[in-house]
Amino acid sequence: SAALFGESAYLTPWQLWQIKAVRLTAPDLSSNSAVVAGRHMEPALAGWATEKWDMKLRKVRRYLEDDQELGMGASLDYEVVGTLEPVEIKWSLWGDGWQFERNVITDYPLHYGIQVQHEMACANADHAWLVAFCGGELRRCVIPRQDSVIEALRREVGLFWLNVRADIEPPPDFTRDAEAIGRLHLAAEDRLADLTAD
């Protein structure tokens, strides 16, 4: 969802469109050190949050779909047992983009905020928790549902899928999309594309 607004660190809107139109494969982040560390740290951080704040958390293994926008779905990290409160867990060794006072997160990277609003829409929740290891400590905050953000998400998701079906791709960002454009040409023409002078 963050990619739809140009806020993803991993995908541009153009790359997302190419992936969903089945022209490019999604980038393989399985060996990305932050992704690998996060995958191993997530269960530990959930256990720590359970002990620290007496949060009864359950790993979510089902895919949730928004009841208003076809094609809008989410996979949650965790939920509070007995509720539909999404719990997003993040691991940030250096704490970049985070602000906090003691154990309370007071600001967070925008792409996480978009992600959590997306999850709340799909879970039909009025708030969610963001739990993060940032600045050398486990911290959390409750994020209230923002209907204006969710409506913007629904609008963008609907327009995105409409454009995929109509074969209308967004313009590329040649600075951020150069490598992906090279992969697209390689896959389409089965040859190397020499872009060194372009």
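Our structure's up above, just so we're on the same page.
Parameters and conventions
- Residues numbered from 1 in each chain as written.
- Predicted model: local features only at pLDDT ≥ 70, side-chain atom pairs only at ≥ 80, totals over all residues.
- Heavy atoms only, no water.
- Pairing = 2+ DSSP bridges.
- Helix = DSSP H or I, 4+ residues; strand = E, 2+ residues; numbered from the N terminus.
- Buried < 20%, exposed > 50% of the residue type's maximum accessible area, 1.4 Å probe, protein only.
- Polar contact = N/O pair within 3.5 Å; in protein donor to acceptor, adjacent residues only side chain to side chain.
- Contact = heavy atoms within 4.5 Å.
- Phe/Tyr/Trp six-rings, centres within 6.5 Å; stacked < 30°, edge-to-face > 60°.
- Disulfide = S-S within 2.5 Å.
- Salt bridge = Lys/Arg side-chain N within 4 Å of Asp/Glu carboxyl O.

### Concerning the pairing of strand β7 (residues 104–107)
Summarising the sheet, strand β6 (residues 99–101) and β7 pair through three bridges and their orientation is antiparallel. Bridge assignment links phenylalanine 100 to a residue of β7, and that residue is isoleucine 105. With antiparallel pairing between neighbouring strands as the criterion, β6 and β7 make up a hairpin whose turn holds two residues, including arginine 102 at a positive phi of roughly 55°.

### Here's the deal with the side chain of serine 8
Relative to the helices and strands, serine 8 is located in the segment before α1 (13–20). On the basis of relative accessibility, which here comes to 15%, the residue serine 8 falls in the buried class. Of the polar contacts made by the side chain of serine 8, one reaches the backbone nitrogen of tyrosine 10; its length is 3.0 Å. A polar contact of 3.1 Å, which involves the side chain of serine 8, links it to the backbone nitrogen of leucine 11. The residues contacting serine 8, other than those within four sequence positions of it, are Ala2, Ala3 and Arg176.

### Here's the deal with the packing of aromatic side chains
Taken as a whole, this structure holds three aromatic pairs when the rule is applied. Centre to centre, the rings of tryptophan 98 and tyrosine 112 are 5.6 Å apart; their planes meet at 35°, and the pair counts as tilted. Of the two residues, tryptophan 98 is situated in the loop between β5 (86–92) and β6 and tyrosine 112 in helix α3 (residues 110–123); the sequence distance between them amounts to 14 residues. Residue tyrosine 112 is classed as buried on the basis of its relative accessible area of 18%. With a centroid separation of 5.2 Å and an interplanar angle of 80°, the aromatic rings of phenylalanine 160 and tryptophan 161 are classed as edge-to-face.

### Digging into the state of the cysteines
If you walk through the whole model with that rule in mind, you get zero disulfides. With no disulfide of its own, cysteine 122 lies closest to cysteine 141 among cysteine sulfurs, the gap being 19 Å. Of all cysteine sulfurs in the structure, the one in cysteine 141 sits closest to cysteine 134, which takes part in no disulfide; the separation is 9.0 Å. The buried category is assigned to cysteine 134, whose relative accessible area is 0%.

### Quick notes on α1
Burial runs high along α1: six of the eight residues are buried. Positive phi shows up at valine 22, right after α1, with a value of about 60°.

### Quick notes on the pattern of salt bridges
Across all of its chains, the model carries 12 salt bridges by this definition. Across the pair lysine 56 and aspartate 54 runs a salt bridge, and its minimum N-O distance is 3.4 Å. Residue aspartate 54 is classed as exposed on the basis of its relative accessible area of 55%. The salt bridge partner of glutamate 79 is arginine 58, with a shortest N-O separation of 3.0 Å. With glutamate 79 in strand β4 (residues 78–80) and arginine 58 in strand β1 (residues 57–59), the pair connects residues that are 21 residues apart, well separated along the chain. The network of salt bridges with common partners includes Arg23, Asp167 and Glu169.

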